[in-house]
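Spelled out from the first residue to the last, the chains are:
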Amino acid sequence: MRILLIEDDQQLCEALKLQLERAGYQVDCVYHGTDAVYYALQPVYDLMILDRMLPGLDGLSLLRLIRENQIQTPVILATAVDSVSERIAGLDGGADDYIGKPYDVEELLARIRALIRRPASMERSDSLQYGDLTYNLQNHELLAGGEKLQLSRREALLMEYFMQNPEKTLSRTLLFGRVWGPDGQVEDGNLDTYIYYLRKHLRTLESQVQISTVHGVGYKLEKTL
């Protein structure tokens with residue numbers, strides 16, 4: 001799961017990033033509201049934590065811009081101005097939750113868990129299913145036919161994205177952003193290497209699900225039968 005953390009206090013941002021990563025999340029940090037526009041409009045994040053007071057473009061304006069561009073990523077708005085009117089403005093602007101600063105990290109983690117269990121219209125479980133394949137979001141296990149395999153961190157990020165978007169062609173750009181972040185400095189062949197690993201896992205599990213190459217575009221998760 002990839003989180004975008006937008007916070008102008010760099011020391012706080014790095015400290016939060018460390019604690020979120022210890023909890024098993026992948027985190028990208030941005031410190032300036034204007035710089036955050038590029039990242040926030042990338043459809044590769046599962047959740048954003050957005051500071052209300054930012055330099056350049058304030059958090060509320062950025063939030064409205066996100067929603068105007070049809071980005072439905074859940075957003076937790078964090079602010080030191082903990083008033084009723086401020087909470088109303090944030091929620092009306094498109095925030096999914098609100099947390100007052102300073103806050104306890106354990107409370108933030110609880111709010112993150114609550115949001116990722118609650119997509120737009122219905123509650124979800126801790127696993128994703130497609131065909132005979134099940135992916136466990138908590139322990140990064142891939143299961144089929146009574147057998148299971150443990151995935152590495154990058155394999156898990158890639159598999160989760162495929163399982164969230166079965167039968168959809170996912171471009172190489174999107175997959176790179178999902179696994180390595182929008183600014184990830186990696187060789188082009190790294191993606192193909194991890195696709196190879198996932199295909200090998202699917203063959204080991206004798207799954208009826210495969211990752212197909214869409215030439216010139218990217219990859220697609222689909223059933224073989």
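To be clear, the structure that these remarks concern was listed above.
Keep in mind it's a predicted model, so treat the numbers as computed, not measured.

Of regular secondary structure, the protein possesses 8 helices and 12 strands. Computed over C-alpha atoms, the radius of gyration of the protein comes to 18 Å, within 12% of the 17 Å expected from 2.2 N^0.38 for 225 residues, which places it in the range of a compact globule. Dimensions along the principal axes, computed over C-alpha positions, put the protein at roughly 55 × 35 × 30 Å. Accessible surface, the protein as shown: approximately 11400 Å² in total, 47% of it carbon and sulfur. Computing the positive centroid from 24 side-chain charges and the negative centroid from 33, the protein places the two 4 Å apart.

This part takes up the nonpolar core. Ranked by size, the top nonpolar core spans 29 residues in total, and within it Leu133, Tyr135, Met159 and Phe162 carry the most contacts. Of all the secondary-structure elements, those providing two or more residues to this core are strand E6 (127–130), strand E7 (133–136), strand E8 (141–144), helix H6 (153–164), helix H7 (172–180), helix H8 (189–204), strand E11 (209–214) and strand E12 (218–223). Residue contributions to this core peak at 7 residues, all from H6. With near-sequence residues (within four places) excluded, Tyr135 lies in contact with Asp126, Ser127, Leu128, His140, Glu141, Leu142, Leu151, Ala156, Met159, Glu160 and Met163. Formed by 21 residues, the second largest nonpolar core is a distinct cluster that contains Leu4, Tyr39, Val44 and Met48.

Let us now look at the sheet that holds E11. Strand order in the open sheet made by the 3 strands is E10-E12-E11, with antiparallel pairing throughout. Strands at the two margins of the open sheet, each flanked by one partner only, are strand E10 (170–171) and E11. Running over the sheet, H6 touches E10, E11 and E12 and is turned about 60° from E12. Strands E11 and E12 of the sheet are contacted by H8, whose axis makes an angle of about 150° with E11.

Note on sheets: strands pair through backbone hydrogen bonds, and any given pair is parallel or antiparallel. Ordered in space as E2-E1-E3-E4-E5, the 5 strands form an open sheet in which the pairing is parallel. Each edge of the open sheet carries a strand with a single partner, namely strand E2 (26–30) and strand E5 (97–100). Going from strand to strand, the sheet's axes swing by 20° on average, the running direction of each strand aside. Sheet topology note: the strand E1 (residues 2–6)/strand E3 (residues 47–51) ladder contains 4 bridges and is parallel. Considered in E3, the bridge of Leu5 is made with Ile49.

Contact pair H6 / H8: the axes reach a minimum separation of 10 Å and the direction vectors enclose 75°. Classified by the interaxial angle, the pair formed by H6 and H8 is roughly perpendicular. Taken together, the residues of H8 that come into contact with H6 (itself represented by Arg154, Glu155, Leu158, Met159 and Phe162) are Leu191, Tyr194, Ile195, Tyr197, Leu198 and His201.

To continue, consider the packing of aromatic side chains. In this structure the tally under the stated criterion is 5 aromatic pairs. When the ring of Tyr38 is compared with that of Tyr39, the centres are 5.2 Å apart and the planes differ by 80°; the resulting orientation is edge-to-face. Here a set of aromatic residues connected by ring pairs shows up, and it is made of Phe176, Trp180, Tyr194, Tyr196 and Tyr197.

A word on helix H5 (residues 105–116). An ideal rise of 1.5 Å per residue puts 16 Å on 12 residues; H5 measures up with 17 Å between its terminal C-alpha atoms. Of all the positions in H5, only Val105, Leu108, Leu109, Ile112 and Leu115 are classed as buried. For H5, the arc enclosing every buried residue in end-on projection is 125°, short of the 170-degree limit, so these residues lie on one face. In the core, the buried residues of H5 are packed alongside E1, helix H1 (10–22), E3, strand E4 (75–79) and E5. Regarding H5, its N-cap is Asp104, as a side-chain oxygen of that residue lies 2.8 Å from the backbone nitrogen of Glu106 further along.

Burial analysis of E3 places 5 of its 5 residues in the buried class, the great majority of the element. Across the two faces of E3 the burial is the same, with Leu47, Ile49 and Asp51 and Met48 and Leu50 all buried. Where E3 lies against E4, 4 bridges are found, and the strand directions are parallel. Residue pairing across strands places Ile49 opposite Ile76, the latter belonging to E4. The β-α-β motif built from E3, the intervening helix H3 (residues 59–68) and the parallel element E4 has right-handed crossover chirality.

Procedures and definitions
- Throughout this description, residue numbers start from 1 for each chain and increase along the sequence as written.
- For a predicted model such as this one, the threshold for reporting local features is a pLDDT of at least 70, and the threshold for listing and counting side-chain atom pairs is 80 or more; totals across whole chains, interfaces and linings nevertheless cover every residue.
- No hydrogens and no water enter the side-chain calculation; it runs on all heavy atoms of the structure.
- Secondary structure elements follow DSSP: runs of H or I of four or more residues count as helices, runs of E of two or more count as strands, with numbering from the N terminus.
- The globule rule used here is 2.2 Å times the number of residues to the 0.38 power, and the radius of gyration it is set against is calculated over C-alpha atoms.
- Residue burial considers only the protein chains on display, and all accessible areas are found by Shrake-Rupley using a 1.4 Å probe.
- Only four residue types enter the charge count, namely Lys and Arg as positive and Asp and Glu as negative; His and the chain termini do not.
- Lysine's charge is taken at NZ, arginine's at CZ, aspartate's at CG and glutamate's at CD.
- Throughout this description, the term nonpolar core refers to a set of buried Ala, Val, Leu, Ile, Met, Phe, Trp, Tyr and Cys residues connected via side-chain atoms within 4.5 Å.
- To sort residues, take the accessible area from a 1.4 Å probe on protein chains only and compare it with the maximum for the residue type: under 20% means buried, over 50% means exposed, and anything in between is partly exposed.
- It only takes one pair of heavy atoms within 4.5 Å for two residues to be counted as in contact.
- The pairing criterion is simple: DSSP has to find at least two bridges between the two strands.
- All axes here are fitted lines through C-alpha atoms, helices being fitted over the stretch that makes contact, and every angle between N-to-C directions spans 0 to 180 degrees.
- Roughly parallel refers to an angle under 35 degrees, roughly antiparallel to one over 145, roughly perpendicular to one between 65 and 115, and oblique to any angle outside these ranges.
- Classification of ring pairs rests on two measures: the distance between centres of Phe, Tyr or Trp rings, Trp counted by its six-membered ring, which must be within 6.5 Å, and the angle between planes, read as stacked under 30 degrees, edge-to-face over 60 and tilted in between.
- A helix is expected to span 1.5 Å multiplied by its residue count minus one.
- Within this analysis, the arc is defined by the directions that extend from the helix axis to the C-beta atoms.
- A 3.5 Å cut-off defines polar contacts: any pair of N or O atoms within that distance qualifies, except that in protein one atom must be a possible hydrogen donor and the other a possible acceptor, and neighbouring residues in sequence count only when both atoms are side-chain atoms.
- By definition, the crossover connecting two strands over a helix is right-handed if that path, from the first strand to the second, turns clockwise as seen with the strands pointing away from the viewer.

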